[in-house]
Amino acid sequence: MSAGVITAARVTHGSGSVDDLAAASPDSQQDAVADLVSVEGIEEAYVLSTCNRVEAYVVGTDAAVGRAALAELFSGIDDEALVRTDHDESLRHLLRVAAGLESVVLGEDQIIGQVRTAYEDARVAGGIGSMLESAVTKAIHVGERARTETAINEGVVSLGSAATRLAATTISLDGATALVVGAGEMGQLAARSLADAGIDELIIANRTVSHADHLVTELGDRTDAETRAVPLESLGTIATQADVIVTATGSDEPLLERRHLAGDRDATTPTDAGRVVVDLGQPRDVAPATDTLETVTVYDLDDLETVTEETHVKRADAAREVETMIDREFDLLCDQYKRARADEVIGAMYESAARIKERELETAISQLEDDSLTPAQREVIESMADALVNQLLAPPTRSLREAAAEDDWSTINTALQLFDPDFGDEEVPSLFENARSEARSAVQFEATDDD
């Protein structure tokens, strides 16, 4: 178990704007982790980057080292948008994230998969050590329990379905034409939700058309709407045909611009009063100028919070159950860290004592004329040495376990220094200096007994 401490920093839908999130988003989770662990004093790192949060957790030799590394990662982010947390608060927050309590849609299921993916990315990048291994796997465990033991994920469970509900508050989806830009996880969720909303036609636009074709095939089994896949290059001609557009890509630049929606529309369309665009992209998929069109209403991630408030109210009781669960699991995680820290010190203590014991046994046996010792006599000496070590170390072992349970880290750290791995190589008073005469007596007794 690492002797370091966990610090974290984050920009989320609750602390910053869509633009803040875009500015904080790394090129990849793996790259961000690799950059963090390259910083001197950073032992472990974990980065979670989704459409509505960018969070980084590090294990450093002390909190100051961790905060400095995180400040570099989030350089350029407004202080008002950046939330910083120390050890305990960081751990508790990670459990809340995996359980869905920090999501735009309370209890949504996608976040736990994203936590797992970030864990694998961090492992590949060399960021997962003993402390974050325990923390992230505990978070995943809590997230799974929350969804199987409570009703936290009943009803609207994704941003994709929330986008459909938001669009439906502005126009009627019955008989409408819908366009989903992006066939990734979020795009798939949006497409499934729209397919169930009574639309007449659903178009999936994606850079890789084969991925869009796969989604179209799946949707054909659940909807009577006409479904088809098109390449992204077709946006200029198909965007004007759609009554509702949901974008959900990972593009660095906006894909949908004002010119894509400024063309003439057939006045006989069922929703000719206007069109709705819901931008789930991070960074933005829709250029800001698009919102200046009189017949187009553009929503982004910030607007989804108003739609999901109803879900928060309905899931309030389940959320309280999950909070109680998190409290208990957080305590268990802290206890796990304490036991591991104490065991680390105790292990170092016994390792040092064992080296001294072996050295002194060798000296004592050589003085007792090793060639004349019978196996039984040698066993007596070795057993006496083992018993002496165990008796001498039993009281400090109990004290160290008690210190860990009481958060007495000064005692723990002092013990770590006393029982450094190099401890046995230094000139130190022998634990067995006074035992040599006892060893000789034991050999003499054994020899007399044999006679």
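Computed from a predicted model, the values in this text were never measured in an experiment.

Here the focus is the sheet that holds strand β4 (residues 83-85). Read from one edge of the open sheet, four strands run β2-β3-β1-β4, paired in antiparallel fashion. Every other strand in the sheet has two partners, leaving β2 (42-50) and β4 as the edge strands with one partner each. Strand-to-strand twist across the sheet, computed as the mean angle between neighbouring axes with direction ignored, equals 10°. In this sheet, strand β3 (residues 53-60) lies alongside strand β1 (residues 5-12) in antiparallel orientation, the contact comprising eight bridges. For A8, the partnering residue across the bridge sits in β3 and is Y57. Each of β1, β2 and β3 is contacted by helix α3 (residues 63-73), which is oriented at about 25° to β1, the strand it contacts most. Those strands touched by helix α5 (residues 110-124) are β2 and β3, and its axis lies near 145° from that of β2.

A cluster of like negative charges, contributed by D27, D31, D35, D252 and E253, occupies part of the molecular surface. Mapping D252 onto the fold places it in the loop between β8 (244-247) and α11 (258-261). Classification of D252 by relative accessible area gives exposed; the value is 66%.

Further remarks concern the sheet that holds strand β6 (residues 201-206). Pairing in this open sheet of six strands is parallel, and the strands run β7-β6-β5-β8-β9-β10 from one edge to the other. Only two strands of the sheet have a single partner each, and these edge strands are β7 (226-231) and β10 (296-299). The average angle at which neighbouring strand axes cross in this sheet is 15°, direction not considered. In terms of strand pairing, β6 meets β7 through six bridges, oriented parallel. Note that in β7 the partner of N206 across the bridge is P231. Sheet contacts for helix α7 (residues 159-168): β8, β9 (275-279) and β10; angle to β9, the most-contacted strand, approximately 155°.

This part covers the UniProt feature "active site" (unreviewed entry) in the chain. With numbering aligned to this structure, UniProt lists the feature "active site" (unreviewed entry) at C51. Along the polypeptide, C51 turns up in the loop between β2 and β3. C51 sits in the buried class, given a relative accessible area of 14%. Beyond its immediate stretch of four places on either side in the chain, C51 contacts L21, L159, M186, L280, Q282 and L301.

With that settled, the discussion passes to the packing of aromatic side chains. On inspection of all chains with the given rule, the structure shows one aromatic pair. With a centroid separation of 6.0 Å and 50° between ring planes, the pair formed by Y46 and Y57 is classed as tilted. Placement of the pair is Y46 in strand β2 and Y57 in strand β3, with a sequence separation of 11 residues. With respect to class, Y46 is no different from Y57; both count as buried.

Attention now moves to the pattern of salt bridges. Following the criterion strictly, the structure yields 24 salt bridges and no others. A salt bridge links D19 to R284; the shortest N-O distance between them is 3.0 Å. Linking D19 in helix α1 (residues 18-24) with R284 in the loop between β9 and β10, this pair joins segments that are 265 residues apart in sequence. Residue R284 is classed as partly exposed on the basis of its relative accessible area, which comes to 24%. Across the pair R123 and E133 runs a salt bridge, and its minimum N-O distance is 2.4 Å.

Reading the values: rules and limits
Residues numbered from 1 in each chain as written. Predicted model: local features only at pLDDT ≥ 70, side-chain atom pairs only at ≥ 80, totals over all residues. Heavy atoms only, no water. Pairing = 2+ DSSP bridges. Helix = DSSP H or I, 4+ residues; strand = E, 2+ residues; numbered from the N terminus. Axes fitted to C-alpha atoms, helices over the stretch in contact; angles between N-to-C directions. Contact = heavy atoms within 4.5 Å. Patch = residues over 30% accessible without salt bridge, like charges linked within 9 Å, V, L, I, M, F, W, Y side chains within 5 Å. Areas by Shrake-Rupley, 256 points an atom, 1.4 Å probe, with all protein chains shown as cover. Salt bridge = Lys/Arg side-chain N within 4 Å of Asp/Glu carboxyl O. Lys, Arg positive; Asp, Glu negative; His and termini not counted. Charge placed at Lys NZ, Arg CZ, Asp CG, Glu CD. Buried < 20%, exposed > 50% of the residue type's maximum accessible area, 1.4 Å probe, protein only. UniProt positions renumbered as here; feature names shortened; annotations may be inferred. Phe/Tyr/Trp six-rings, centres within 6.5 Å; stacked < 30°, edge-to-face > 60°.

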